[in-house]
Amino acid sequence: MRETQLGELTVSALGLGCMGMSQSYGAGDDAESIATVHAAIDAGCTFLDTADVYGDGANEELVGRALAGRRDQVVLATKFGFRRAAAGDQLPNVVNGTPAYAREAIDASLRRLGVDHVDLWYLHRRDPNVPIEETVGAMAEAVTAGKVRYLGLSEVNGDTVRAAHAVHPISAVQSEWSLWTRDPETVVLPALRELGIGFVPFSPLGRGFLTGQLTSPADFGPDDMRASLPRFTGDNFQKNLDLVDQVKSLAAARDVTAGQLALAWLLAQGNDVAPIPGTKRRKYLTENLAAADLTLTPEELTTLNEAFPPDSAAGTRYTEAGLKMVGQ
């Protein structure tokens, strides 16, 4: 697979998001998930993404098991910043960007992953009660200590990126970006390109919606987070389905899937973009990775943008509570 640049960090042009292996999208299958990670590495998809909060740490442990004996073949990224309430703790889950918690979090992640360093360490969400300079300063200590190679941020705005980058170089920013979530194009991308920082789109397939395989809210089980997200509920579902039908028609003309077309659109946005579609099954991994070989013409990109213009998706991507934590 071809490679792309996130600052000074070189990664495969498509990565693998591992969250769904442990939470949010139904029951997991650890054996199949580990086989999927191995298949990704074998196919040249060597950029793996996890976080300490996924599955309350179980996802890092799973990724660590999958990487046993293969650590040096991947670029490993994880995140911190959400503090889970401990058993008996009366505090809710909160964002915590204090220096003390940053130091605690990286050591805990390394233990769960079974590694001595991670290649890319993100702040999962900005803590509004802690200056970003203080949080990044503590993250930089982990770089100096050899526990981390490069630093990243997630779901932040351009001003926050500039302030953080002045303390220590930021290599990548991760946010949701896809045909139906275009906010980064105005909120943060201009600052990244000014500073030479890469972009890592998560949910590049619109949490599965852009694959065209979802047909009804009834498709979601009781433990599927999408059942509570505005874009997947009520009248919004059908309105968004109508948009995806246009993508499916364009994909059929190229003899590819709607998901592959959506990924190819993102990959065409620049050689500083590395989407991380998530899957826990080898079947979908193979389909996703084929998008790396799909080149869209300028005319096809224009047609896609016209079919799915910015702000055309019905409903917000998160609930009101979730939206308060992004774009800070």
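Structure's up top.
This section reports on the structure supplied with the text. Computed from a predicted model, the values in this text were never measured in an experiment.

## Points about the packing of aromatic side chains
Phase 1 of the analysis: Applying the stated criterion across every chain, the model contains 10 aromatic pairs.
Phase 2 of the analysis: On the basis of an interplanar angle of 75 degrees and a centroid distance of 6.1 Å, the ring pair of Trp177 and Trp265 is categorised as edge-to-face. Taken as a pair, Trp177 in the loop between strand E10 (170-176) and helix H6 (184-187) and Trp265 in helix H9 (residues 258-267) lie far apart in primary sequence, 88 residues in all.
Phase 3 of the analysis: Here Trp265 falls in the buried class, since its relative accessible area comes to 0%.
Phase 4 of the analysis: Pairing Phe220 with Phe232 gives two aromatic rings, centres 5.6 Å apart and planes at 80 degrees, and the pair type is edge-to-face. With Phe220 in the loop between strand E11 (198-202) and helix H8 (234-254) and Phe232 in the loop between E11 and H8, the pair connects residues that are 12 residues apart, well separated along the chain. In this structure, Phe220 and Phe232 share a single accessibility class: buried.
Phase 5 of the analysis: An aromatic cluster of at least three residues, connected via ring pairs, comprises Trp180, Phe209, Phe220, Phe232 and Phe237.

## A look at the side chain of Ser171
Phase 1 of the analysis: Relative to the helices and strands, Ser171 resides in strand E10.
Phase 2 of the analysis: Beyond its immediate stretch of four places on either side in the chain, Ser171 contacts Leu6, Gly7, Tyr150, Leu151, Ile197 and Gly198.

## Quick word on the state of the cysteines
Phase 1 of the analysis: Taken as a whole and judged by the stated rule, the model has 0 disulfides.
Phase 2 of the analysis: Here Cys18 stays free of any disulfide, with the sulfur of Cys45 as its closest cysteine sulfur at 8.7 Å.
Phase 3 of the analysis: The exposure class of Cys45 is buried, given its relative accessible area of 0%.

## Quick look at the pattern of salt bridges
Phase 1 of the analysis: As enumerated under the stated definition, the model contains 18 salt bridges in all.
Phase 2 of the analysis: As a salt-bridge pair, Arg226 and Asp224 come within 2.7 Å of each other at their nearest N and O atoms. With respect to burial, Arg226 and Asp224 carry one shared label: buried.
Phase 3 of the analysis: Beyond isolated ion pairs, a larger network of salt bridges with shared partners links Glu155, Glu176, Arg207 and Arg317.

Rules behind the numbers
- Residues numbered from 1 in each chain as written.
- Predicted model: local features only at pLDDT ≥ 70, side-chain atom pairs only at ≥ 80, totals over all residues.
- Heavy atoms only, no water.
- Phe/Tyr/Trp six-rings, centres within 6.5 Å; stacked < 30°, edge-to-face > 60°.
- Helix = DSSP H or I, 4+ residues; strand = E, 2+ residues; numbered from the N terminus.
- Buried < 20%, exposed > 50% of the residue type's maximum accessible area, 1.4 Å probe, protein only.
- Contact = heavy atoms within 4.5 Å.
- Disulfide = S-S within 2.5 Å.
- Salt bridge = Lys/Arg side-chain N within 4 Å of Asp/Glu carboxyl O.

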